[in-house]
Each structure stands twice: as C-alpha cells, then as structure tokens.
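In case you want the letters, here they are:
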Amino acid sequence: MKKIPFILILLISSITFAQVKWMTLDEAIQAQKTHPKKIVIDFYADWCGPCKTMDKNTYGNPVISEILNNDYYAVKFDAEGKDEISLYGRTFSNPNYQSKRRKNSMHELTTYLNVVAVPSIVFLDENSNPITILQGALTAQELEPYLPFFASDTYKKVKTREEWEQYQKKFKSVIKD
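Model, not experiment: these values are computed from the prediction.

Re the layout of surface pockets
Summary: where empty space remains is shown by rolling a probe the size of a single water molecule over the atoms.
Part 1 of the argument: In this structure, the largest pocket occupies an estimated 180 Å³ of space.
Part 2 of the argument: Lining the largest pocket we find 14 residues, and of these Thr 24, Lys 76, Phe 77, Asp 83 and Ile 85 sit closest to its centre.
Part 3 of the argument: Elements with a minimum of two residues in the lining of the largest pocket: helix H2 (25-34) and strand E3 (72-78).
Part 4 of the argument: Top element by residues in the lining of the largest pocket is E3. It accounts for four residues.
Part 5 of the argument: Considered class by class, the residues forming the lining of the largest pocket number six nonpolar, three polar and five charged.

Written as structure tokens, this is what we have:
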C-alpha cells in the first residue's frame, strides 16, 4: 500500500519534468534584457491538429523540453490571436480578430515574421532578431538537431547546403525511439 503514493509521486514528477516552460513573447523579451538567450516561438492555432500533436509528442519529449528550457526562452504564440505585441519599435495586433470564430485572420506579427502556415517555429537571436523559420509539424527527432545548431551559434559557421548536410550526419541524437 505504501508503494502506491511513491509510484504516483514518481509518475507526476516525470510528467512535470517533460514540460516546456512557456512564456509570452513580452516575458521572453524582458528576460533577454537580464539574461540573454535565444527565443524560440511556436506559432499555433487552436483549430490546428498538427499543432496539438507537436505539443504532445514533440514538446512533450523530455529531451526537447530540457533543451528548450535550458537554452531558449520558449514562447507559444497564437498565430490568429488578439494580443498586442510591441517589438522592433512598433506594435503588432490583429485588427480583424473576431471572437467566437473557429478560424481568424493572421496576427500582424505572424505575417511580419513570414509565418504562412501553422505549426511554424521561428528562432530569434539574443537581440530578438529573426534567425530562421521552420514550417510544418516536426517530430522530436526532426526538431532536435536544430536546437543545439542555433543555441550554440553553429548556424553562423554553416554557409552551404553541403555544410548543413555534414552537420546533420555528425549529429548524434539522444532521443530514444
């Protein structure tokens, strides 16, 4: 009987371990001012099935959540949301947002960062400047090589497709299938 509470605590702690500590974009930008780190933005929409799959399987993977929590400020951003965001000296909003609609118009920040579909991931450097965008649903194994690539600034040294392919070949995944 004493084993049940112990097993329950163990189960709960392993579930919490594999959770990304999501922030708002405003919180991430403020955090960068005192502790510079790159930002990774997950652009999603409530109606998006692949976005929900990524939440569960990709971001729920302990390896991915650990890398994101340690090396990035992780942001979830509703690509069709109504929040106002101040960035790059201007304010972005969604003036055509209508509540209670299943799908909405794209947020101005979504369009500004060239996000044309969800799910998409945008990487920002320590000064909140865009590095790149990854469009489409990614598994944990597909996302994993990108995270240290950008976090360690390796992307600044890779100039050709061949160099990128070489990086991928040398990359050793720690994700168990």
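A word on the sheet that holds E3
Working definition: the strands of a sheet are paired by backbone hydrogen bonds and lie parallel or antiparallel to each other.
Part 1 of the argument: If you trace the five strands from one edge of the open sheet to the other, you get E1-E3-E2-E6-E7, paired in mixed fashion. In this open sheet, the two edge strands, each paired with only one partner strand, are strand E1 (22-23) and strand E7 (130-135).
Part 2 of the argument: Seen against the sheet, helix H4 (residues 62-71) touches strand E2 (38-44) and E3 and runs at an angle of roughly 105° to E3.

Structural notes on the pattern of salt bridges
Part 1 of the argument: The final tally for this structure, using the stated rule, is six salt bridges.
Part 2 of the argument: Across the pair Asp 153 and Lys 38 runs a salt bridge whose closest N-O atoms are separated by 2.7 Å. Within this pair, whereas Asp 153 is found in the loop between helix H7 (146-151) and helix H8 (161-170), its partner Lys 38 is found in strand E2, the two being separated by 115 residues in sequence.
Part 3 of the argument: According to the relative accessible area criterion, Asp 153 is partly exposed, its value standing at 23%.
Part 4 of the argument: We classify Lys 38 as buried; its relative accessible area is 2%.
Part 5 of the argument: In this structure, Asp 42 and Lys 76 form a salt bridge, with 2.3 Å as the shortest nitrogen-oxygen distance. Here Lys 76 lies in strand E3 and Asp 42 lies in strand E2, a separation of 34 residues in the sequence.
Part 6 of the argument: What you see here is one network of salt bridges that share partners, running through Lys 38, Glu 126, Asp 153 and Lys 156.

Rules behind the numbers
Residues numbered from 1 in each chain as written. Predicted model: local features only at pLDDT ≥ 70, side-chain atom pairs only at ≥ 80, totals over all residues. Heavy atoms only, no water. 1 Å grid on protein atoms, 1.4 Å probe; cavity = no way out; pocket = protein on both sides within 12 Å on 5 of 7 lines; lining within 4 Å. Points joined across faces, edges and corners; volume = space filled by probe spheres on them. Helix = DSSP H or I, 4+ residues; strand = E, 2+ residues; numbered from the N terminus. Nonpolar A, V, L, I, M, F, W, Y, C, P; charged D, E, K, R; others polar. Pairing = 2+ DSSP bridges. Contact = heavy atoms within 4.5 Å. Axes fitted to C-alpha atoms, helices over the stretch in contact; angles between N-to-C directions. Salt bridge = Lys/Arg side-chain N within 4 Å of Asp/Glu carboxyl O. Buried < 20%, exposed > 50% of the residue type's maximum accessible area, 1.4 Å probe, protein only.

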